[in-house]
Amino acid sequence: MVRTQQQRRIDSIIVNGLLIMICLISIFPVAYALSTSFKTQREVISKPPYLIPQNWSTDGYDQVLKSSLIRPHLLNTFINATGSSIIIVVLGVLAAYAFSRYKFPGNKLLQLVILGMIMIPTLTNLIALYRLGSQFDLLNTNIYMILIYVANGLPFGIWIIKAAIDAIPIEIEESARIDGCGPLQVIRYIILPLALPGLVTAFLMEFVFFWNEFLIAVVMLDNNNAKTATVGLLNFQNSYQTAYHVWMAGSVFIIAPVLITFFVLRRQFFRAMLQGAVKG
Amino acid sequence: MIAATTKKESRTAARFRLSWRSLVPFWLLLPSLIFLAVLQLYPVIYSLYISLHRLRAGQYMPVGFRNFERLFADTNFYEGLAVSFRFVGISLVLTIGIGMLVAVLLNQRSQFNALYMVLMFVPWVVSDVVAGTIWRWLFQQDYGIIQNMIQPLTGSTSLYAKPDGALLIVILATVWRGLPFTSLLFLGALQNVSTEVIESAALDGANRWKTFFRVTLPIIRPTLIVAVILTTIAGLNSVGVILTLTGNIPATQTVSVYLYEQGWQFGDFGLGAAISVVMFFINLGLTLVYLRFQRQD
């Protein structure tokens, strides 16, 4: 069944056409948000709406800079997301290495239990975590957010990092072990460089997730100084009711850092994912 | 004498190293296990405990199953469940279906794939709250750009103001965010299907549709099930998109939003904990059902 040249060309047009359409749908909302963020209040409430601002204005950004969205909210987001993602990757490497390389009783069972924790809905733990936080006076702190996020993201992190370590042939480690390297040295000098795409992938996924996390944050944080950007943006509903250009400018501020992070790390992320970082 | 001491010392050292070595995996796992035990397992048990108590406005006393009785007598709970299942069901079908289509298209390995994938992943980095905010703006009743485009279809009432319309916008925003990751999962699975299998099916005279459904799909079923589980859990827990898009209106009040309302707006934590326990079993039940599909062959 050899397909003719012409059939192939038609196939290619259909494939590329559909993919271009999906790309447009993917970026349109964000592109339009960017465009709206440069409109004036008057233009925001004009009918019919313009795709591109007629009078470019930075009013939206000025208003956001005057609000608490950047400081302290986005700064908190940065601290919580970065702190928790790094801790998850570090602890995840240690745990995944143990699961991947050591035989000990209960290894498989423990893996299954941790994997099962991915299925625990965040909602289930919220009230208990809130009570715990108020008992230990930890609500409205970055530390407590980071601790919760680490526990929340760790099962998924271990799962992805273990897949990356499993893919490294054990023979590479053996000569290092014969030379007297301890497990931490083996992890540092052999596992880290070889499993790097997997670690980057784990970091990126956790970072994106916790940068954007809302459910835990909205419940634990009611002090304005401790709130994160997603919670702060929700508060815009009260303070900037129809000032959509301000909402959109705020959204741009939240999206930009994480979009850049994604763009920098995308190659390793795509490679690891396509090689089956998240296994069935 | 000296030799004996050295020998003894080295024996202790060896024994020490041996016992330490056998505990190596334990030490490596310990930090993770502490985190998971204190902030994942304990809260689940604690939720169960709170659900058997009245915890409201400073009061804290055991009430047996009264919270569950109140919950099961509350029509809002059943309506919330119905909204949740509609929301999760429709977004699941769309995310998985379109995600698979996108993966198959990307698997044709167009020369522009790298560009397509970067553009497609933009929604993935967008927070649910931001997505809710942006989509609310797109469908804003008077000035929303998409609402203005679809005006002839919706008539005088905007889509946002129609009861099912609000839920539809929530679903669209959710699928928009969930699509890239699902597509990538599927693409990874498709690329690992050996071309020999596909070619031999083609030689047997199967057309492309038949090959896909009879040969490819069964091979990538494990990935399909992982995607279904992850999408379902994310959907059942979804609060951010809904709160920002529609606020708390009955048409989009899922169980998760209902829980948020009972716990943090009405301060009824006992009832909230009862809802969260029910949610836990719904999640567990669905996961077990999905996993059954994984095993049967």
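Please read these numbers as outputs of a predicted model, since none were measured by experiment. (Residues numbered from 1 in each chain as written. Chains lettered and ligands numbered in written order. Predicted model: local features only at pLDDT ≥ 70, side-chain atom pairs only at ≥ 80, totals over all residues. Heavy atoms only, no water.)

**Regarding the nonpolar core**
Turning to step 1, where the next piece is worked out: Residues Met220(A), Phe269(A), Met273(A), Val278(A) and Trp124(B) are the most contacted members of the largest nonpolar core, which totals 193 residues.
Turning to step 2, where the next piece is worked out: No other element matches helix H13 (residues 244–274) of chain A, which puts 16 residues into this core.
Turning to step 3, where the next piece is worked out: Excluding anything up to four places from it in sequence, Met273(A) contacts Thr201(A), Met205(A), Val278(A), Phe181(B), Leu184(B), Leu185(B) and Gly188(B). (Core = buried A, V, L, I, M, F, W, Y, C linked by side-chain atoms within 4.5 Å. Buried < 20%, exposed > 50% of the residue type's maximum accessible area, 1.4 Å probe, protein only. Helix = DSSP H or I, 4+ residues; strand = E, 2+ residues; numbered from the N terminus. Contact = heavy atoms within 4.5 Å.)

**Let's talk about the packing of aromatic side chains**
Between two aromatic rings, the relevant description is the distance of the centres plus the angle of the planes.
Turning to step 1, where the next piece is worked out: Applying the stated criterion across every chain yields a total of 42 aromatic pairs over all chains.
Turning to step 2, where the next piece is worked out: On the numbers, 5.0 Å between centres and 15° between planes, the contact of Phe269(A) with Trp124(B) is stacked. One end of the pair, Phe269(A), is in helix H13; the other, Trp124(B), is in the loop between helix H5 (113–120) and helix H6 (128–138), on a second chain. Accessibility classification places Phe269(A) together with Trp124(B) in one group, the buried group.
Turning to step 3, where the next piece is worked out: Here Tyr42(B) and Tyr46(B) contribute two aromatic rings whose centre-to-centre distance is 5.5 Å and whose plane-to-plane angle is 10°, an arrangement assigned as stacked. Taken together, the residues span about one helical turn, with Tyr42(B) and Tyr46(B) both in helix H2 (residues 24–50) at a distance of 4 residues.
Turning to step 4, where the next piece is worked out: One aromatic cluster in this structure is built from Phe262(A), Phe269(A), Phe270(A), Phe121(B), Trp124(B) and Phe181(B).
Turning to step 5, where the next piece is worked out: Between Arg188(A) and the ring centre of Tyr189(A), over which it is positioned, the NZ or CZ distance is 4.8 Å.
Turning to step 6, where the next piece is worked out: In this arrangement the basic side chain of Arg266(A) is found over the ring face of Phe263(A), its NZ or CZ atom lying 4.1 Å from the centre. (Phe/Tyr/Trp six-rings, centres within 6.5 Å; stacked < 30°, edge-to-face > 60°. Lys NZ or Arg CZ within 6 Å of the ring centre and 35° of its normal.)

**Some thoughts on the domain arrangement of chain A**
Residues and elements named next belong to chain A.
Turning to step 1, where the next piece is worked out: Here chain A is partitioned into domain 1 (5–37) and domain 2 (64–274).
Turning to step 2, where the next piece is worked out: The distance between the C-alpha centroids of domain 1 and domain 2 comes to 31 Å.
Turning to step 3, where the next piece is worked out: Counting from both sides, the interface comprises 5 residues of domain 1 and, opposite them, 6 residues of domain 2.
Turning to step 4, where the next piece is worked out: Buried area between domain 1 and domain 2, summed over both chains or domains, comes out near 420 Å², and the portion from carbon and sulfur atoms is 87%.
Turning to step 5, where the next piece is worked out: When the buried surface of domain 1 facing domain 2 is broken down by residue, Ala33, Thr36 and Ser37 rank first, second and third, together holding 72% of it.
Turning to step 6, where the next piece is worked out: Between domain 1 and domain 2 we count 0 salt bridges in total.
Turning to step 7, where the next piece is worked out: Linking domain 1 to domain 2 there are 0 residue pairs in polar contact (both at pLDDT 80 or more).
Turning to step 8, where the next piece is worked out: Partitioning the side of domain 1 that touches domain 2 into residue classes produces 3 nonpolar, 2 polar and no charged. (Domains from an automatic or database assignment. Buried area = accessible area lost by both parts, 1.4 Å probe. Salt bridge = Lys/Arg side-chain N within 4 Å of Asp/Glu carboxyl O. Polar contact = N/O pair within 3.5 Å; in protein donor to acceptor, adjacent residues only side chain to side chain. Nonpolar A, V, L, I, M, F, W, Y, C, P; charged D, E, K, R; others polar.)

**Here we look at the pairing of strand S1 (residues 53–56) of chain B**
All names here are of chain B.
Turning to step 1, where the next piece is worked out: What you see with S1 is a clean split: His53 and Leu55 sit on the buried side and Arg54 and Arg56 on the side with no burial.
Turning to step 2, where the next piece is worked out: The pairing of S1 with strand S2 (residues 59–62) spans 4 bridges and is classified as antiparallel. Counted as the bridge partner of Arg56 is Gln59 from S2.
Turning to step 3, where the next piece is worked out: Linkage of S1 to S2, two consecutive antiparallel strands, is achieved through a turn of 2 residues, within which Ala57 is found at a positive phi near 50°. (Pairing = 2+ DSSP bridges.)

**Digging into empty space enclosed by the protein**
Turning to step 1, where the next piece is worked out: Under the definition given, this model contains 2 cavities of 30 Å³ or more.
Turning to step 2, where the next piece is worked out: The volume enclosed by the largest cavity comes to roughly 1,300 Å³.
Turning to step 3, where the next piece is worked out: Forming the boundary of the largest cavity are 45 residues, of which Phe209(A), Arg177(B), Leu230(B), Ile233(B) and Ala234(B) lie nearest the centre.
Turning to step 4, where the next piece is worked out: Residue classes in the lining of the largest cavity are distributed as 25 nonpolar, 16 polar and 4 charged.
Turning to step 5, where the next piece is worked out: Empty space within the second largest cavity amounts to approximately 30 Å³. (1 Å grid on protein atoms, 1.4 Å probe; cavity = no way out; pocket = protein on both sides within 12 Å on 5 of 7 lines; lining within 4 Å. Points joined across faces, edges and corners; volume = space filled by probe spheres on them.)

**Let's talk about the environment of Gly60(A)**
Residues and elements named next belong to chain A.
Turning to step 1, where the next piece is worked out: Within the element layout of this structure, Gly60 appears in helix H3 (residues 59–66).
Turning to step 2, where the next piece is worked out: C-alpha of Gly60 to C-alpha of Ala243: the two residues are 183 residues apart in sequence and 8.1 Å apart in space.
Turning to step 3, where the next piece is worked out: Ignoring sequence-local partners within four residues, the contact set of Gly60 consists of Ser37, His245, Val246 and Ala249.

**Observations regarding the layout of surface pockets**
Turning to step 1, where the next piece is worked out: There is about 1,000 Å³ of room inside the second largest pocket.
Turning to step 2, where the next piece is worked out: Forming the boundary of the second largest pocket are 36 residues, of which Gln111(A), Leu112(A), Leu115(A), Gly116(A) and Met119(A) lie nearest the centre.
Turning to step 3, where the next piece is worked out: Listed by contribution, the elements that provide at least two residues to the lining of the second largest pocket are helix H5 (107–117) and helix H7 (142–166) of chain A together with H2, helix H12 (221–236) and helix H15 (269–295) of chain B.
Turning to step 4, where the next piece is worked out: A total of 9 residues in the lining of the second largest pocket trace back to one element, the largest contributor, which is H15(B).
Turning to step 5, where the next piece is worked out: Per-class residue counts for the lining of the second largest pocket are 24 nonpolar, 6 polar and 6 charged.

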